[in-house]
Amino acid sequence: MYVIESKGGAITCMLLALLFLGTWPAIMTLTERRGRLPQHTYLDFTLTNLLAAIIIAFTLGEISPSRPNFITQLSQDNWQSVMFAMAGGISLSLGTLATQYAWAFVGLSVTEVITASITVVIGTTLNYFLDDRINRAEIIFPGIACFLIAVCFGSAVHKSNAADNKSKLQDFKSLETTSSFQTDTNPETNGLAKKGTAAFLIELEKQRAIKVFGKSTIIGLVLTFFAGVCISLISPAVSLATNDQWHTLKNGVPKLNVYTAYFYFSVSAFVIALILNIRFLYWPILGLPRSSFKAYLNDWNGRGLSFLAGFLCGFGDGLQFMGGQAAGYAAAGAVQALPLVSTFWGIMLFGEYRRSSIKTYILLICMLFMFIVAVAVLMASSGHRK
């Protein structure tokens, strides 16, 4: 089993995890905006997410013979720790599924801001006490405060941007009656609408899988807060699985290594995702069209992107847990500064905040600044597990 010994190695893992975990939501959002049903996307996503955990377990989990390796631990009497790991996987599956629908209603950036901030406030606080305070309280709690400030700015950004979009659309009475002469198009891009214009928003609504015009953003916010609570319980569950702080294992039974815990975590996430998404194929929610398992198997539009998103999430979670096991899971909460990455992709790929007001841009800059401060502070709180 490969073990990270240094604080520098742990921080490297957390930075890579931040990049991976901030990128895969953008890829999932891209497939939805191109019209692919989220049920199809998530089924592909969960397959490669599990495959990433298997790859990590059979490589990093089997390197050294001097410690309990992955295969050895599969036959040990450690079911109590396994249950904690699987509970974390269930939380991941429910939280990820909720965010996939929330992105359509409130946008990628705002969804990531709120879920990440809830995760840090709840999850990092729980991890601080579970890890026997190996992270420095005088540093870590100001970092949590920075996330709270960031979520306030995130809410303000959403409100301001929603008002901007409403202003752009006020001249369009309905989607069906909009003519091509009313829209702001760009002749240099074969008549495609310019990002940030009313025409762009209308074209997006016509193409995307989840229709959001005329629906309250309250739906998206409820899904976002639910996802944040679910995701906040993931790393505390993995911490309990790998460190046995509640002393549930029998005497002499080794604690789960991080790779075995992550394997069980991913298996439970896969099973829950499979059950829920097959159910949503035949009984969809939020007005999505009905599908079937046969239709899913035949849908290759965007499948490669969905597979890529699953790999990024899988390796990102694995890196987060590796860094957390070495430097403390509270410090690993720094990877929840996902909006630093997802907002970049939201602007570059989807034209979010294009042609918005000065007020929206100022709030956006303040939000991103607070996330940068939060990441620096939380990583500075890194400890060393004995």
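Just so it is clear, the structure is predicted and the values come from calculations on it, not from any experiment.

We now examine the overall build of the protein chain. Along its length, the protein chain carries 14 helices and 2 strands. Residues counted as buried form 56% of the 386 residues belonging to the protein chain. Considering only contacts in the protein chain between residues 6 or more positions apart, those separated by 24 or more positions represent 84%. Surface accessibility of the protein chain: about 16,400 Å² in total, with carbon and sulfur atoms responsible for 68%.

Let's shift gears to the pattern of salt bridges. Under the definition given, this model contains 4 salt bridges. Where Arg36 meets Asp299, a salt bridge forms, and the shortest distance between an N and an O atom there is 3.1 Å. One end of the pair, Arg36, is in the loop between α1 (7-33) and α2 (38-59); the other, Asp299, is in the loop between α11 (293-298) and α12 (303-327), with 263 residues separating them in the sequence. Assigned by exposure class, Arg36 and Asp299 land together as buried. The partner of Lys250 in a salt bridge is Asp77, with the nearest N and O atoms 3.1 Å apart. On the criterion of sequence distance, the pair formed by Lys250 in the loop between α9 (234-243) and α10 (258-282) and Asp77 in the loop between α3 (70-73) and α4 (79-106) is long-range, its members being 173 residues apart. Owing to a relative accessible area of 33%, Asp77 belongs among the partly exposed residues under this scheme. Linked through salt bridges whose partners overlap, the residues forming this network are Arg36, Asp44, Asp299 and Arg303.

For the rest of this paragraph, the subject is the confidence of the model for the protein chain. Scored by pLDDT, the protein chain comes out at a mean of 83, with 85% of its residues at no less than 70. Confidence over residues 173-183 falls short of pLDDT 50; this stretch has 12 contacts with residues more than four positions distant or in other chains.

This part takes up the side chain of Asn277. Here Asn277 shows up in helix α10. On the accessibility criterion, Asn277 (0% relative accessible area) is buried. Within the structure, Asn277 has its side chain in polar contact with the backbone oxygen of Ala273 (distance 2.9 Å). Beyond its immediate chain neighbours, meaning those up to four positions away, Asn277 contacts Pro38, Gln39, Tyr42, Leu43 and Leu97.

On to the packing of aromatic side chains. For any pair of aromatic rings, the description rests on two quantities: the centre-to-centre distance and the angle between the ring planes. One pass over the full model with this rule turns up 17 aromatic pairs. Between the aromatic rings of Tyr128 and Phe129, the centroid separation amounts to 5.1 Å while the plane-to-plane angle is 80°, which identifies the pairing as edge-to-face. Its relative accessible area of 8% is what places Tyr128 among the buried residues. For Phe129, a relative accessible area of 44% puts it in the partly exposed group. On the basis of an interplanar angle of 80° and a centroid distance of 5.3 Å, the ring pair of Phe265 and Phe321 is categorised as edge-to-face.

To continue, consider α10. Taking 1.5 Å per residue as the helical rise, α10 with its 25 residues ought to reach 36 Å, and the 37 Å between its terminal C-alpha atoms agrees with that figure. Between the side-chain oxygen of the N-cap and the backbone nitrogen of Tyr259 there are 2.9 Å, and the N-cap of α10 in question is Asn257.

What follows deals with the nonpolar core. Core analysis: the largest hydrophobic core is formed by 71 residues, its most contacted members being Trp24 and Phe321. When neighbours within four sequence positions are excluded, Phe321 is seen to be in contact with Ile234, Val238, Val258, Tyr262, Phe265 and Tyr329. One finds Phe84, Ala241, Ala261 and Phe263 within the second-largest nonpolar core, a separate group that totals 12 residues.

In this section: a nonpolar patch on the surface. A cluster of nonpolar residues, Ile122, Leu126, Val229 and Leu233, forms a patch on the protein surface that exposes about 280 Å² of accessible area. One can find Ile122 in helix α5 (residues 108-130).

For Ile285, the location among the structural elements is in the loop between α10 and α11. For the pair Ile285 and Tyr101, spaced 184 residues apart in the sequence, the C-alpha separation amounts to 9.6 Å. Look past the residues within four positions of Ile285 in its chain and what remains in contact with it is Tyr101 and Phe280.

Before going further, it helps to spend a moment on the packing of helix α13 (residues 339-350) against helix α14 (residues 358-380). When two helices pack together, their arrangement is given by the angle between the helix axes and the distance between those axes. Packing of α13 against α14 leaves a shortest axis separation of 10 Å and a crossing angle of 145°. Packed against α13, whose contacting residues are Pro339, Leu340, Thr343 and Ile347, the element α14 presents Leu364, Met367, Leu368, Phe371, Ile372 and Val375 at the interface. Here the residues of the contact of α13 with α14 sort into 9 nonpolar, 1 polar and no charged.

Reading the values: rules and limits
Residues numbered from 1 in each chain as written. Predicted model: local features only at pLDDT ≥ 70, side-chain atom pairs only at ≥ 80, totals over all residues. Heavy atoms only, no water. Helix = DSSP H or I, 4+ residues; strand = E, 2+ residues; numbered from the N terminus. Buried < 20%, exposed > 50% of the residue type's maximum accessible area, 1.4 Å probe, protein only. Contact = heavy atoms within 4.5 Å. Areas by Shrake-Rupley, 256 points an atom, 1.4 Å probe, with all protein chains shown as cover. Salt bridge = Lys/Arg side-chain N within 4 Å of Asp/Glu carboxyl O. pLDDT = per-residue confidence, 0-100. Polar contact = N/O pair within 3.5 Å; in protein donor to acceptor, adjacent residues only side chain to side chain. Phe/Tyr/Trp six-rings, centres within 6.5 Å; stacked < 30°, edge-to-face > 60°. Expected span 1.5 Å × (residues − 1). Core = buried A, V, L, I, M, F, W, Y, C linked by side-chain atoms within 4.5 Å. Patch = residues over 30% accessible without salt bridge, like charges linked within 9 Å, V, L, I, M, F, W, Y side chains within 5 Å. Axes fitted to C-alpha atoms, helices over the stretch in contact; angles between N-to-C directions. Nonpolar A, V, L, I, M, F, W, Y, C, P; charged D, E, K, R; others polar.

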